[in-house]
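Chain and residue survey
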Amino acid sequence: MDRRSFLSWVGVGWIASCLPVAIVACSSDQSSSIPTQESPSSSSSGAAGNVQVGLVSDLDKSGQLLNGKTPIGQVLVARDPADPKALIAVNPKCTHAGCTVAWNSEQKAFVCPCHAAKFGSDGNVQSGPAARPLPTYQASIQGDSVVIKQS
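A few points on the structure. Every residue gets a number counted from 1 within its own chain, in the order that chain's sequence is written. Predicted model: local features are reported for residues with pLDDT of at least 70 only, side-chain atom pairs are reported and counted for 80 or more only, and whole-chain, interface and lining totals are derived from all residues. Heavy atoms throughout the structure, all of them, feed into the side-chain values; hydrogens and water do not.

With that out of the way, let us pick up the overall build of the chain. A run of H or I in DSSP counts as a helix once it spans at least four residues, and a run of E counts as a strand once it spans at least two, with each numbered from the N terminus. In terms of regular secondary structure, the chain is built from two helices and eleven strands. For the chain, the sequential pattern of α-helices and β-strands runs α-β-α-β-β-β-β-β-β-β-β-β-β. Counting all 151 residues of the chain, 34% fall into the buried class. The contact rule is simple, with two residues in contact once any of their heavy atoms fall within 4.5 Å. Sequence-distant contacts, at least 24 apart, represent 45% of the contacts inside the chain between residues at least 6 apart. Roughly 8,600 Å² of accessible area belongs to the chain as shown, and the carbon and sulfur atoms make up 55% of that amount. Buried residues are those whose accessible area, probed at 1.4 Å on protein chains only, stays under 20% of the maximum for their type, while exposed residues exceed 50% and partly exposed ones sit between those limits. Accessible surface area values rest on a Shrake-Rupley calculation with a 1.4 Å probe, where residue burial reflects the displayed protein chains alone.

Shown next, in the form of structure tokens:
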């Protein structure tokens, strides 16, 4: 085997061994610091198509509330920076690579931990690499619960 063939095979092997790491890095959930509400009572459906995603006390404690198990999928809720009495809710799956975004109150944006895509409080893309906005939901407080309107 000549030097050129050997180096070609080493290069192919290196690329093949790095590929699983790249796939896992882009698809893993990087949002372990976000409190998650996944108990059966936290995703119960209420009257008029409302879905309970968590408690106001949990939202206020961490500044955001992530529920991974609702009838419509994952939901991330934060207080609206323009009106602290109002809530904003999005599907937190980044439209670029599928990582879970988190609310960054300093930037007033949802930020992806994988590739730094940034989404405004309305879900629209502020900076890439994401090209599509995050799906949004209507959220409100009912008693001590945070609910979203299921559409």
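Further notes follow.
Once that is clear, we can look at the state of the cysteines. As used in these notes, a disulfide is a covalent bond between sulfur atoms, one from each of two cysteines. In this description, the term disulfide denotes a pair of cysteine sulfurs within 2.5 Å. A complete count under the given rule lists one disulfide for this structure. Here Cys99 is linked by a disulfide to Cys114, with a sulfur-sulfur distance of 2.0 Å. Because the torsion about its S-S bond is -100°, the bridge between Cys99 and Cys114 counts as left-handed. With Cys99 in the loop between β4 (83-90) and β5 (102-104) and Cys114 in the loop between β6 (109-111) and β7 (118-119), this pair connects stretches of sequence that are 15 residues apart.

Let's shift gears to the pattern of salt bridges. Any carboxyl oxygen of Asp or Glu that lies within 4 Å of a side-chain nitrogen of Lys or Arg is treated as forming a salt bridge with it. Taken as a whole, this structure holds two salt bridges when the rule is applied. Among the salt bridges present, the one from Asp58 reaches Lys61, with a minimum N-O distance of 3.8 Å. Pair noted here: Asp58 and Lys61 are both in helix α2 (residues 56-62), with a separation of three residues, about one helical turn. The salt bridge partner of Arg79 is Asp60, with a shortest N-O separation of 2.9 Å. Placement of Arg79 in strand β3 (residues 75-80) and of Asp60 in helix α2 is noted, with a sequence separation of 19 residues between them. We classify Arg79 as partly exposed; its relative accessible area is 24%. Accessibility expressed as a relative area gives 46% for Asp60, which makes it partly exposed.

Following the sequence through the fold, Gly143 ends up in the loop between β10 (139-142) and β11 (145-149). Residue Gly143 is classed as exposed on the basis of its relative accessible area, which comes to 71%. Sequence separation between Gly143 and Val56 is 87 residues, and the spatial gap between their C-alpha atoms is 8.6 Å.

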